[in-house]
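Descriptive analysis of the structure
Each chain is listed here by its residues.
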Amino acid sequence: MRHIAIVGSGPAGYYTAEAALKHWGEEVQIDVFDALPVPYGLIRTGVAPDHQSIKGVARRFEKTALNENVRFVGNVKVGEDINIADLQRLYHAVVLATGAPRDKALDIPGKELSNIFGSAAFVGWYNGHPEFAGLAPDLSGKNAVVIGMGNVALDVARILAKTRGEFAGADIVEHALDALDASHITAITIVGRRGPHQIMMTPKELGELMHLERASPRVDPADLPEESADALLEPGLRKSVTHLRSFAAIPENIRGEAAIDIDFDMFASPVAFHGDGGNVREIELEETRVEAGRAVGTGRTYRVPADLVITCIGYRTSPIPDVPFDDRAGRFANDEGRILPGLYCVGWARRGPSGTIGTNRPDGYAIADLIAADLASKAIDTGSKQGAAGFDRFAEEHGITPVRFSDWQKIDAAEVAAARDGAPREKFVDVEAMIAAGES
């Protein structure tokens, strides 16, 4: 029997578990650990609440989780409750699938002002992540600035712009829905250092901005390159740029009817935040130009009103004690997923925050192949390991009470039962409440 510990129950973790099952069948026992009492990682707390079709991939992971050779081991913090050396002693292979849950910092003057948040925190707030449920952003001002030109920035802008009715069918948590319903924001500025041909936004997400009830997107026609230059772009980016061109073509009289303006401010790099009384009030931007694909400052600056700022500039993996870490890249130091023989990483913890949910599937299968190769070559110990039974003894000795998948099913049922009309669920935002529901 091969014993594998996977740390992280998001897409990368469960795709790896799926791959291990396909490779070894009944000859493998897999424990999937998570620091939270609930599974699925960013499917639950990162994917936008109004993108329920994307969250549907959890049904595939549930099939893997219900396999008798797979256990969910929730509410266990690896690096605190149990260390990596202990896991390596108990399992033939340990795979870190912890994602990249921390915001990359925007280190500019004024960053300490209030009402400036990273996207991991802000998205976690409206998605009900227990760590960020108490964030309480101040939405009483008129001007919001979203920094970044990827899909997360679009998600944040769209969530800020939607009416309460537009969240029908979404699993946004009640505290965030109430706060957004009372919001006074009328202007959302999306800031990007480079231009239309360098955006990371995908066509579907951009297209959603055209269907918002009370908001209208705006692009300065002067920021758009000659249309003939679009022919050199890959098809997805070309479609995205076509959306930007359609935004620029919206007549001013139509745009003026919208209660909220979503303005794309391109070729602009943040250089400082300014405020009064400890609160952010403006963001200072430097005009840029693109040279060889990179943003280069021109020295010319201007200011944009900003009562709320959300930075969507990337994520970092959280280090784990005694695991080599590439601080510059913000991920575990690894060679194609191998940290050390017997210790691996997968998904964003391996490659950084790039790709879609589906990108993690081939990544997980590649790691399973790597583990198999290391076992075959005896690069890692192929002798007897205690695996799940050994962890259970460790947990009992150290007062750890894991949450099992059957407990999660009770939590799931309780959330579904508590849903407001039209919503799929009302998430618990408190760990103790989750555990209590799982024990009921």
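Residues numbered from 1 in each chain as written. Predicted model: local features only at pLDDT ≥ 70, side-chain atom pairs only at ≥ 80, totals over all residues. Heavy atoms only, no water.

Topic: the environment of serine 377
Defined as follows: Each helix corresponds to a stretch of at least 4 residues labelled H or I by DSSP, and each strand to a stretch of at least 2 residues labelled E; elements are numbered beginning at the N terminus. Whenever two N or O atoms come within 3.5 Å, that pair is a polar contact, provided that in protein one can donate a hydrogen and the other can accept it, and provided that, for residues adjacent in sequence, both atoms are side-chain atoms.
On the secondary structure map, serine 377 appears in the loop between helix H13 (360–376) and helix H14 (387–397). On a C-alpha basis, the gap between serine 377 and alanine 144 in space is 56 Å, while along the polypeptide they are 233 residues apart. At 3.3 Å, the side chain of serine 377 forms a polar contact with the backbone oxygen of aspartate 374.

What about the packing of aromatic side chains?
Here is the rule we go by: Each aromatic pair joins two rings of Phe, Tyr and Trp (for Trp, the six-membered one) with centres within 6.5 Å, and gets the label stacked for planes under 30 degrees apart, edge-to-face for over 60, and tilted for any other angle. The buried label goes to any residue with under 20% of its type's maximum accessible area, the exposed label to any with over 50%, and the partly exposed label to all in between, with areas taken from a 1.4 Å probe on protein chains only. In this scheme, the term charge over a ring applies when either NZ of a lysine or CZ of an arginine sits within 6 Å of the ring centre and within 35 degrees of the ring normal.
In this structure the tally under the stated criterion is 13 aromatic pairs. Their ring planes at 35° and their centres at 5.4 Å tell us that phenylalanine 122 and tryptophan 125 sit as a pair that is tilted. Of this pair, phenylalanine 122 and tryptophan 125 both sit in helix H6 (residues 119–127), three residues apart, which is roughly one turn of the helix. Taken together, a centroid distance of 5.7 Å and an interplanar angle of 90° make the contact between phenylalanine 122 and tyrosine 126 edge-to-face. Placement of both phenylalanine 122 and tyrosine 126 in helix H6 is noted, with a separation of four residues, approximately one turn of the helix. For tyrosine 126, a relative accessible area of 0% corresponds to the buried category. These aromatic residues form a ring-pair network of at least three members: Tyr14, Tyr15, Tyr40, Phe61 and Trp408. When the ring centre of phenylalanine 167 is taken as origin, the NZ or CZ atom of lysine 162, which lies over that ring, is 5.8 Å away.

Keep in mind these values describe shape, not function.
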